[in-house]
Amino acid sequence: MATLTPFQRALAAGRDRYNARYRQARRRDPAAFLAHLRDRVGPVVDAAGVEADPVPLTDVLVELSLQVGELDRAEAGFALLRELAPFAGVAPRRVPAAVLNALRHLADSPTGDPVAWSATVVELAARIPARDPDTLLAAGGVAAWRHGLARLRPSALARAAALRPDLLGIALGTTSTVDLSALAADPWASPAAAGRPRLQVVRRVGAFTGFGGAFRRPPLIHAAEGRWYATVDEQTWEITTDRFGHALRRVAEAPTGPATGDLTLRPGGRVVDGRDALDVPELATATSVAAVGATLAATTTFSHSIVFVARTTG
Amino acid sequence: MLVEGTGPYQHVSQAPTLPGGAHPAAEAEEFDVAALYAGPLGTDGAGARALPLDEKLRQAYFWIVNHAIISPHYDVEFAEGPSPSVTLGDSKARLTLPSGQSYSSFVLIPLLTFAVRRRCLLVGGPGRGKTASAILMGVLAGYPLREVRRAMQHGHPQLTIADLLGTPLPADLIKAERIGDIDIAWRSWLSMRVKIVDEYNRIPTRTQSALLTLMSDGYAEVFDQIYEATDSAWYLTANDDGGGGTYQVIEALRDRIDVVVHALQFNSRFLGELVTRIEQRLRPEELVPPEIVFSAAEHERVSAEILRVPLPVGVRRRLEFFAAQFELLESAGEQFEYRTKDTAKLAGVDPHLLAATETGRDRIADLGAQSLNGLSVRALQSVISYAKALAYFRDREEVGLDDLRAVLPFVLHDKLVPDDDSPAFDEPGHRPYRTDRVSWIRQLFDRACAEYDRLDLDVDDPVGALLAEFDHGLDGLGEAEVTARLARIEGLLAEWARDRKLYGHVYDDALALKYLHQRYVNYRAWLRWRP
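Treat the numbers as computed from the prediction; the structure is a model and nothing was measured.

### As for unusual backbone geometry
Residues and elements named next belong to chain B. Although it is not a glycine, glutamate 199 sits at a positive phi angle of roughly 50°. Looking at the element boundaries, glutamate 199 is found in the loop between β7 (194-198) and α8 (205-217). The backbone of aspartate 395 sits at a positive phi, close to 60°, despite the residue not being glycine. Looking at the secondary structure, you find aspartate 395 in the loop between α15 (377-393) and α16 (401-411).

Take a look at the structure:
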């Protein structure tokens, strides 16, 4: 008789319970779910090093599988979990849910890149012992910032300070020594070696609702208390943006605090900061302008995107 | 909100479960890297927004009553304004439709026990969900179901102390030269925050004593080795409330139980839910949603938060007045302090026989005449804990009279022993109190409160005023003032001697006045001695 794999033993031990959870979840395609368990869940359990007690990890993965909705959407997540299986075995209640949730957040972000993040996390995992899932998740958070989740910036910078240099380099995609204070000071700075700062268009944020964006009309921009806000009619969004990505978050209303920047927009679309100038012709018809530090943002009649210009390296 | 792809059993009532409560919902957390890994998927509730623990407790309650225990009994009633009622049948059975959020005692009381980590006895016939309810509490504490089941102690006539607590290691038994060298393999359940003893009245008497030590003092002892157990919520079950198990339950063990709750009957209108469960082989204890599971830290915190719920003076006074009713037995002693039911019991005399000889008081109006004992300090501590827990559960700023009234019958269920031969039980409408102890205790409290109001003690409480005056301290008090206060105490007692019968609350007040008198006398003696 063939030896049962850890996953098969866990299924046998909890057969009634898993069956009850399946029925209770009222999924409609038992064959697809069985295939999912066999092809995606089983390999994670069997690779996790949980031969002694595979039940906790199996419980979690079955439960998550019941929660994910369309199973095919979870394929990439379970494939990544297979790569991270030893970590899942050590922390079954944390790692699998964390990884699947992170992939969802990245996929839902306009600038998130879940595929690139997965590759980075696998690279990180190869250098972190499985008994240390905390470090993996912290480094994964920094990598998620780099791969498009701009809202993670403040906390990712804080976590980055505690990472080993080699892990930090992998997370931020550079082999150079990372100057975290430079990254903290300049939202557009590259983690790689710095060049001479110059004025440049650094990002365009927002799109027409008809193309999947947030704005039904070209927005107006303003800044308050160091933060960016876009408005369309009565609707207001807070914009978080930096070198790695951007995010829009609906807010009730924008605050009315002061905001000053070093850059100004001259007629004809010329952005100046006292030392340098950059012509951005599309800003010749700007409808609103705001500046924070060394960044200027402007909107125009003809676009649903907000143009960000900054003096930065890279 | 239901997570995509899950069924109703994973549905937790949306917060707030009690709109308009005293404590607002927690502020949204600061955005953090941790948010990357949070929700919507999860198995430990980490993705859920941090809710106040009282809200989490209510969500647990509603999940249990909606999905786990079929107990459509709202016997813990609260009113938010007028509540309509009807009377049905020849006995004029009153059915009240509460206007406030009301609860099922069979779920609420075990849950409050979980929160305050005390000891709950679940009684009722076989197959009514007593054990299932206890197991759910273990799962709520975050233990895997199989661990809860394995840790549950099943009472049976052969259960030994070693079975219950642990066994000495065989190698040590041979090698050890001193008893202290013998290591004990302690049973794993001792370290759990939820402890379940099924059918505790089938445990042999000797083993009951070991259980008593564990329950009351929090430690286990085998071969001179001590195991300090953690603070736990205890659930004991018994098919027969009257101690009719295989073994008589020792009184000290019964006394350690803080609260008793009945598993009420199954309502046949809910058979459909049972059918669904059988057809789908659903076991609710296997489907407890992670959002309502309490970590060890949360369990600790919820207990601490409950203790901080204030008990206002007005409510405390009514509890004092109620508790004072029961201990007095005038004919049990000669010295004033010994005129109690406890004196009679210690002498082996039935308090009822002595009470029957008393003629001074109206034995129907006297609440104390309906019980064979008074209330112990332990019982009052339990009352206060559960009243605070209920106020916390109901998101109240402080304990209300309704909270106190709701928990009293369950806490005093086995602690206040009725004198079934009391003429009060022969009064029309009072006969059901011989069998319905919950209603009996509740009406005792209602009558005590009515008497408290009749005496207008919230406004005119001379003993309370004297105690408050004393609480300000004796520092700097001159002899003249002390003498004046002594005169007021003596005057008050003299006034009572003229025109007041000795009821329980008067007895307690008289003893309190004697206490004050003694303190002032001693202080005056010190003043006179002082150089």
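Here the narrative resumes.
### Some details on the nonpolar core
All names here are of chain B. One finds Leu112, Leu140, Tyr386 and Val407 to be the most contacted residues of the largest nonpolar core, which totals 103 residues. In terms of residue count, helix α3 (residues 105-116) provides more of this core than any other element does, nine residues in total. Counting only domains with at least three residues in this core, you end up with domain 1 (118-307) and domain 2 (313-454). Among residues more than four places away in sequence, those in contact with valine 407 are Val383, Tyr386, Ala387 and Leu390.

### Considerations on the packing of helix α11 (residues 296-307) of chain B against α15(B)
All names here are of chain B. Contact geometry for α11 and α15: axes closest at 8 Å, N-to-C directions at 105°. Here α15 runs roughly perpendicular to α11, going by the angle between their axes. Residues Glu305, Ile306 and Leu307 of α11 form the contact with α15, whose own contacting residues are Lys388, Ala389 and Tyr392.

### A short note on the sheet that holds strand β5 (residues 245-251) of chain A
Residues and elements named next belong to chain A. Taken in spatial order, the four strands make up an open sheet running β2-β3-β4-β5, and their pairing is antiparallel. Whereas interior strands pair on both sides, the edge strands pair on one side only; in this sheet they are β2 (220-224) and β5. On average, each strand axis in the sheet is inclined to that of its neighbour by 30°, with strand direction left out of account.

### Describing the confidence of the model for chain A
Residues with a pLDDT of 70 or more make up 97% of chain A, whose mean pLDDT is 90. At the level of individual helices and strands, chain A shows its lowest average pLDDT in helix α2 (residues 15-25) of chain A, which scores 76, and its highest in helix α8 (residues 114-125) of chain A, which scores 97.

### Examining the packing of α8(A) against helix α11 (residues 165-172) of chain A
All names here are of chain A. With their axes 9 Å apart at the nearest point, α8 and α11 run at an angle of 165° to one another. With respect to each other, α8 and α11 are oriented roughly antiparallel. α11 is crossed by α8, and the crossing has right-handed handedness. Between α8, through Thr120, Glu123 and Leu124, and α11, the contact on the second element is made entirely by Leu167, Ile170 and Ala171. Split into classes, the residues belonging to the contact of α8 with α11 amount to four nonpolar, one polar and one charged.

### Quick notes on the pairing of strand β1 (residues 85-88) of chain B
Residue and element names in this part refer to chain B. Across four bridges, β1 lies against strand β2 (residues 93-96) in antiparallel orientation. Paired with serine 85 across the strands is threonine 96, a residue of β2. The hairpin formed by β1 and β2 contains four residues between the paired strands, and glycine 89 there has a positive phi angle of roughly 80°.

What counts as what
Residues numbered from 1 in each chain as written. Chains lettered and ligands numbered in written order. Predicted model: local features only at pLDDT ≥ 70, side-chain atom pairs only at ≥ 80, totals over all residues. Helix = DSSP H or I, 4+ residues; strand = E, 2+ residues; numbered from the N terminus. Core = buried A, V, L, I, M, F, W, Y, C linked by C-beta atoms within 7 Å. Buried ≥ 20, exposed ≤ 12 C-beta atoms within 10 Å, placed from the backbone. Domains from an automatic or database assignment. Contact = placed C-beta atoms within 7 Å. Axes fitted to C-alpha atoms, helices over the stretch in contact; angles between N-to-C directions. Parallel < 35°, antiparallel > 145°, perpendicular 65-115°, else oblique. Pairing = 2+ DSSP bridges. pLDDT = per-residue confidence, 0-100. Left-handed = near helix turned anticlockwise from the far one by under 90°. Nonpolar A, V, L, I, M, F, W, Y, C, P; charged D, E, K, R; others polar.

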